[in-house]
Amino acid sequence: MNEAELIKQWEAEEAHAFAGWDFSHLDGRWDSPQPPWNYREIIQLYLNENDKLLDMGTGGGEILLTLNHPHANTYATEAWLPNFELCMKRLAPLGITIKRTYEDDKLPFEDALFDMVINRHESFDLQEVNRVLKQGGYFITQQVGAENLHEIARRLNDNFIARYPGHSMEEYAEKLTEMGYRVLSKHDVKYPVKFFDIGALVFYAKIIEWEYPNFSVKTHREKLLKCRQELEEKGFLEGTSQRFYLVAQKM
């Protein structure tokens, strides 16, 4: 395949539709292991049937629906318009309350409404989470760590600077403790992630725009060609993924 054909192929990956939080388009094209814990099982350790549950940044509701929580007690937020519209079609008819959000510090709910607030890979404001959570309620979050795939980001950006250096398990655990919460469980892990074709990297980088700002095939053409050369030599392009979770109770 010549360079012009490669670029055309990569541009098609850049334009590929993405909805929910579904990376199945990359099946077989990357190796991205799951963390050694089960996010859903952690939630179910603390979730009771009568609890009012909020899922922040639900995507397309993929994880939320697997909890099988009573729909009348289930609430969700989503900021990205395509996902919000998907939720209105998928979740709202079930009786799940879905609200669109615009800013982390403005959740569209009354004070002390929820027994549990969960958040998987979504930004949040701890003061706002605290406001909507009942006394004795739980905040459970799984996050992408501050050092996630920095090796890949540096390949695409010579002037790479980590945008959220304080985004760490220990940082949030300390803040929650200062707010009077009891941290019940936490875990941080790093593991290798491999991309087996550059089109897969293009698709990923275009979606994760907060880690790859201003990315496009057009602007990063030469960087992508260098990455392709490295991939052809090694058989893959490798970086280090970071994930953490914590469970905290409002005392």
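The shown structure was predicted, so the numbers you read here are calculated from the model rather than taken from an experiment.

Colleague: Can you help me understand the pattern of salt bridges in this one?
Modeller: Once the charged atoms of two side chains with opposite charge are near each other, the side chains can pair. Applying the stated criterion to the full structure yields 16 salt bridges. In this structure, the salt-bridge partner of E147 is K190, at a minimum N-O distance of 2.6 Å. With E147 in the loop between β6 (133-144) and α6 (150-156) and K190 in strand β7 (residues 181-195), the pair connects residues that are 43 residues apart, well separated along the chain.

Colleague: Mind showing me how you'd approach the pairing of strand β3 (residues 74-78) here?
Modeller: In terms of burial, β3 is a largely internal element, 5 of the 5 residues being buried. Burial along β3 is two-sided: the residues T74, A76 and E78 and Y75 and T77 are all buried. Sheet topology places strand β2 (residues 53-56) next to β3; 3 bridges connect them, and they run parallel. Paired with L54 across the strands is Y75, a residue of β3. Bridge count between β3 and strand β4 (residues 97-100): 4 bridges; the pairing is parallel. Of the residues in β4, the one forming a bridge with E78 is R100.

Colleague: Would you mind going over the sheet that holds β3 with me for this structure?
Modeller: Working definition: the strands of a sheet are paired by backbone hydrogen bonds and lie parallel or antiparallel to each other. Spatial strand order, β1-β7-β8-β6-β5-β2-β3-β4: 8 strands in an open sheet with mixed pairing. One side of each edge strand has no neighbouring strand; the edge strands of this open sheet are β1 (30-31) and β4. Across the sheet, helix α4 (residues 81-90) is in contact with β3 and β4; its angle to β4 comes to roughly 160 degrees.

Definitions and cut-offs
- Residues numbered from 1 in each chain as written.
- Predicted model: local features only at pLDDT ≥ 70, side-chain atom pairs only at ≥ 80, totals over all residues.
- Heavy atoms only, no water.
- Salt bridge = Lys/Arg side-chain N within 4 Å of Asp/Glu carboxyl O.
- Helix = DSSP H or I, 4+ residues; strand = E, 2+ residues; numbered from the N terminus.
- Buried < 20%, exposed > 50% of the residue type's maximum accessible area, 1.4 Å probe, protein only.
- Pairing = 2+ DSSP bridges.
- Contact = heavy atoms within 4.5 Å.
- Axes fitted to C-alpha atoms, helices over the stretch in contact; angles between N-to-C directions.

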